[in-house]
Amino acid sequence: MKRTAWLGGIAAALIAFAAPAKADTVRVTVSFYSAATGPYFEKMAAEFSKANPGHEIKIEVVNWNALLQKLQTDISGNANSDISIIGTRWLLDFVRDDLIEPLDGYMNPAFRERFIGTFLKPAEIKGKVYGLPIAASARGLYYNKAMLTAAGFPNGPKTWDELVAAAEKIKAAGGNGFGVQGKGTETDVYWYYSLWSHGGDVVSPDGKAAFNSPAGVKTLSLYKSIVDRGLSQPGVTDYDRTDLQNLFKQGRIGMVITAPFLINQIAKEVPTLEYGIAPVPAGTNSSTYAVTDSVVLFKNSKVKATAWKFLDYIFTGPPRIEFTKAEGFLPTTKAEAADPYFTGNERLQTFVNLLPNAHFAPTITGWEDTAKAVTNAAQSVYLGQATPEAALKKAEEEANKALNK
Amino acid sequence: MIAPSLLLAAFVMCYPFYEIVKLSMHEVSRFGMLRAFTGTANFASVLADATFQASLWRTLIWTFFVVGGTLVISIPAAVVLNLDFAGRGIARAIVMLPWSVSLSMASIVWLWSFNADYGMVNAILQSLGLISRGVPWMARPETAFPIEIAVGVIVSIPFTTTILLGGLSSIPGDIYEAARIDGAGAFQQFRALTLPLLRSFINIAVILNVIHVFNSFPIIWIMTQGGPNEGTHILITYLYDLAFRLGRPGPAAAISLIMLAIVFVFTFVYLRMQARERT
């Protein structure tokens, strides 16, 4: 630590000698969404430096799974970057420690107008906006056209009953019906899809665990029967989201619920795969999960003005369109939404149309603990270690220990 | 004369220890900010935590089987590699090779090997006709944890064999000659000469391996992250989960102090036991 600080000091001194004008170096931490992420931000940095001579943007790409830990250690050591991408659901922890600069003072009405209204909301805490929505996604049901046509649902199942019926047909033909995620990030969310579409909820408005409900027991039992009857892939607790997506790309599974960026992956890796995208099946209603990642400005940054200028730049039309197109996310600004690439893209529109009924992860303390407790509950049920009732009761107790503390 | 370096060493060792003790006695935010002094509350909550208890027990199983398995394989391996035979250099190199691969990389390779859909292990079993469809090895703790132990053994063999080979080369050859003249067979020679003379080296191997394996993070973290349903957590992976996933450095610091105490007590007791046996 000491040594890097020293070296940094020497480097800063050298730079100060070399460049007579005031030159800011803005450090930006971005998450690795795909192979395109790093090159995209490098390009933006270069363009920004060209338009603003003397200022430099330094990009650091971090794997998503390691991002929070990296920020945690960087911040503890006071060595964090000026700007970072974070999961919007982590925001509260940062705000509670007063680490992030509220952006309201920087945003004029015209800047706010650039965004699609719903997307500024998730990063708002107590009336202040702490992050800008850099990436947004929702979830839909991908189905393999050939397998579902053979099963009698050429346009995908509309309800959970139809999904089970389709999976039974696919199983009878020797295939895997509905992919169930049993490992890794969003194992909990994979169950929330059916919980929400049966009228259940994860956390009640007063901030208590709400998933241990009749809808909760019913939907977890539904998943359990799908697993037990072999209507899913075998060994579900060995499959994280990427594994499920791989099965789908290889045509080895009929249906999978996941995010819009799978469209880009399929187009690149298996362009011949025939597939469709349908809303998450309905129970009593239709519902989905929407996620945003935010880009935030740290309070201890010494180059806030330049950092904001860079943020302002990447949230103008062309840079946004280029980013969202390359990563396969959903538009968060009006300029993107109006671009022909998005208006003419039927598959992406399916996701966009789901947004009005979408649940966002709430910004409350204890969300990660709840996710972990529910993930454990789901895993214990899939493994046959506990009944849905017992597992949910245990998870409820654990979640309530952490929620709103 | 040695005071400055002694001071530096003391600082390097004491400062992190002081920080961990401080963290363990406070309520700490995810980003390391101290909130309230809580005394022993973190320790109490950790000790009452069912996952902690299960992980502690699993850590003991993990350490025992990895270190035990390593010794059971390494002692004969070292004895064989100490014999003079054609190609001994190559054989030694092969045993040492896994050492040159980083632990993380070795874990990733084994994880792939046990993949349910494209793993080498399932492919072999299938081609032998032993199974009809791929076994999801990592899906259940009952299969995943023994596999992790086996990987732990494999990566610990080179180091242990090296220590034991060093020990074997220090045993003079003529005592075996004397034993042969007295009519001792190969097994008797091994029991009466090799093992006792190797004892201090085995002790070193046990202590170093226990300390290392007890704190070994990459294998389990890479292969299962302690899951499914917390079924493969050992203390170090649970500690990491608490600190970095749930953002609770306080209880995590408490666990690390408990781990330190366990290793310390083990080393002390083991050395005392060995000393007593010898007298």
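No experiment lies behind these values; they were computed from the predicted model shown. (Residues numbered from 1 in each chain as written. Chains lettered and ligands numbered in written order. Predicted model: local features only at pLDDT ≥ 70, side-chain atom pairs only at ≥ 80, totals over all residues. Heavy atoms only, no water.)

Draft legend 1. How the structure looks around empty space enclosed by the protein. Residue and element names in this part refer to chain A. This structure, assessed with the given rule, holds three cavities of 30 Å³ or more. The wall of the largest cavity is formed by Gly-87, Thr-88, Arg-89, Pro-122, Tyr-289, Ala-290, Val-291, Thr-292, Phe-360 and Ala-361. A per-element tally of the lining of the largest cavity places strand β10 (residues 288–297) first, with four residues. The residue makeup of the lining of the largest cavity, split by class, is six nonpolar, three polar and one charged. Forming the walls of the second largest cavity are Pro-260, Ile-263, Asn-264, Thr-324, Lys-325, Gly-328, Tyr-341 and Leu-348. For the lining of the second largest cavity, the secondary-structure elements that each account for two or more residues are α11 (261–269) and α13 (317–327). (1 Å grid on protein atoms, 1.4 Å probe; cavity = no way out; pocket = protein on both sides within 12 Å on 5 of 7 lines; lining within 4 Å. Points joined across faces, edges and corners; volume = space filled by probe spheres on them. Helix = DSSP H or I, 4+ residues; strand = E, 2+ residues; numbered from the N terminus. Nonpolar A, V, L, I, M, F, W, Y, C, P; charged D, E, K, R; others polar.)

Draft legend 2. Here's a closer look at unusual backbone geometry. Residue and element names in this part refer to chain B. Pro-228 follows Gly-227 through a cis peptide bond whose omega is -10 degrees. In this fold, Pro-228 is placed in the loop between α10 (218–223) and α11 (235–245). Phi at Asn-229 takes a positive value of approximately 50 degrees, unusual for a residue other than glycine. Within the element layout of this structure, Asn-229 appears in the loop between α10 and α11. On the basis of relative accessibility, which here comes to 18%, the residue Asn-229 falls in the buried class. (Buried < 20%, exposed > 50% of the residue type's maximum accessible area, 1.4 Å probe, protein only.)

Draft legend 3. How the structure looks around the confidence of the model for chain A. Confidence in the prediction for chain A averages 91 pLDDT; 95% of positions are at 70 or higher. With pLDDT under 50 throughout, residues 12–20 of chain A is counted as low confidence; its partners more than four residues away or in other chains account for zero contacts. (pLDDT = per-residue confidence, 0-100. Contact = heavy atoms within 4.5 Å.)

Draft legend 4. Structural context of helix α16 (residues 346–354) of chain A. Residue and element names in this part refer to chain A. Within the span of α16, buried status applies to Leu-348, Thr-350, Phe-351 and Leu-354. The buried residues of α16 occupy an angular sector of 145 degrees when the element is viewed end-on, so they sit on one face. Exposed and oriented more than 90 degrees from the buried face of α16 are Glu-346 and Asn-353. The opening residue of α16 is Asn-345, an N-cap whose side-chain oxygen sits 3.2 Å from the backbone nitrogen of Arg-347. (Arc of directions from axis to C-beta. Polar contact = N/O pair within 3.5 Å; in protein donor to acceptor, adjacent residues only side chain to side chain.)

Draft legend 5. Examining the interface of chain B and chain A more closely. Contact with chain B, which involves 28 residues of that partner, is made by 30 residues of chain A. Each partner contributes to the roughly 2,700 Å² buried at the junction of chain B and chain A, and carbon and sulfur atoms together form 46% of this total. Looking only at chain B, the three residues that lose the most surface to chain A are Arg-30, Phe-31 and Asn-229 of chain B, adding up to 27% of its buried area. As a salt-bridge pair, Asp-93 of chain A and Arg-30 of chain B come within 3.0 Å of each other at their nearest N and O atoms. (Buried area = accessible area lost by both parts, 1.4 Å probe. Salt bridge = Lys/Arg side-chain N within 4 Å of Asp/Glu carboxyl O.)

Draft legend 6. Examining the environment of Val-236 of chain A more closely. With respect to the element layout, Val-236 of chain A can be found in the loop between α9 (214–228) and α10 (241–249). Relative accessible area serves as the criterion here: at 4%, Val-236 of chain A is assigned to the buried category.

Draft legend 7. The arrangement of the layout of surface pockets in detail. Taken as a whole, the second largest pocket encloses approximately 1,500 Å³ of empty space. Lining the second largest pocket are 50 residues, and of these Asp-369 and Ala-402 of chain A together with Leu-242, Leu-246 and Arg-248 of chain B lie nearest its centre. Residue assignment for the lining of the second largest pocket shows that the elements contributing at least two residues are α4 (91–96), α17 (367–382) and α18 (388–402) of chain A together with β1 (26–28), α2 (41–48), α3 (50–82), α11 and α12 (249–278) of chain B. A total of six residues in the lining of the second largest pocket trace back to one element, the largest contributor, which is α17 of chain A. Its residues assigned to classes, the lining of the second largest pocket comprises 18 nonpolar, 14 polar and 18 charged.

Draft legend 8. View of the packing of helix α8 (residues 174–181) of chain B against helix α9 (residues 186–214) of chain B. All names here are of chain B. Closest axis-to-axis distance for the α8/α9 pair is 11 Å, and the angle between their directions is 160 degrees. Here α9 runs roughly antiparallel to α8, going by the angle between their axes. As α8 packs across α9, the resulting crossing turns out to be right-handed. Mapping the contact onto sequence places Ile-175, Tyr-176, Ala-179 and Arg-180 in α8 and Gln-189, Leu-193, Thr-194 and Leu-197 in α9. (Axes fitted to C-alpha atoms, helices over the stretch in contact; angles between N-to-C directions. Parallel < 35°, antiparallel > 145°, perpendicular 65-115°, else oblique. Left-handed = near helix turned anticlockwise from the far one by under 90°.)

Draft legend 9. The packing of aromatic side chains, seen in detail. For the structure shown, the criterion picks out 45 aromatic pairs over all chains. Ring centres of Tyr-190 of chain A and Tyr-193 of chain A lie 5.5 Å apart, and the angle between their planes is 70 degrees; this geometry places the pair in the edge-to-face category. Of this pair, Tyr-190 of chain A and Tyr-193 of chain A both sit in helix α8 (residues 187–196), three residues apart, roughly one helical turn. Take Tyr-190 of chain A: its relative accessible area is 1%, and that puts it in the buried class. When the centroid spacing of 5.6 Å and the interplanar angle of 15 degrees are considered together, the rings of Phe-11 of chain B and Tyr-15 of chain B count as stacked. Taken together, the positions of Phe-11 of chain B and Tyr-15 of chain B, both in helix α1 (residues 3–24) and four residues apart, correspond to about one turn of that helix. Judged by its relative accessible area of 52%, Phe-11 of chain B falls in the exposed class. Judged by relative accessible area, Tyr-15 of chain B falls into the partly exposed class, the value being 42%. These aromatic residues form a ring-pair network of at least three members: Tyr-33, Tyr-40, Phe-41, Trp-64, Trp-90, Phe-261, Phe-323 and Phe-329 of chain A. Here the basic side chain of Arg-347 of chain A rests over the ring of Tyr-275 of chain A, its NZ or CZ set 3.9 Å away from the ring centre. (Phe/Tyr/Trp six-rings, centres within 6.5 Å; stacked < 30°, edge-to-face > 60°. Lys NZ or Arg CZ within 6 Å of the ring centre and 35° of its normal.)

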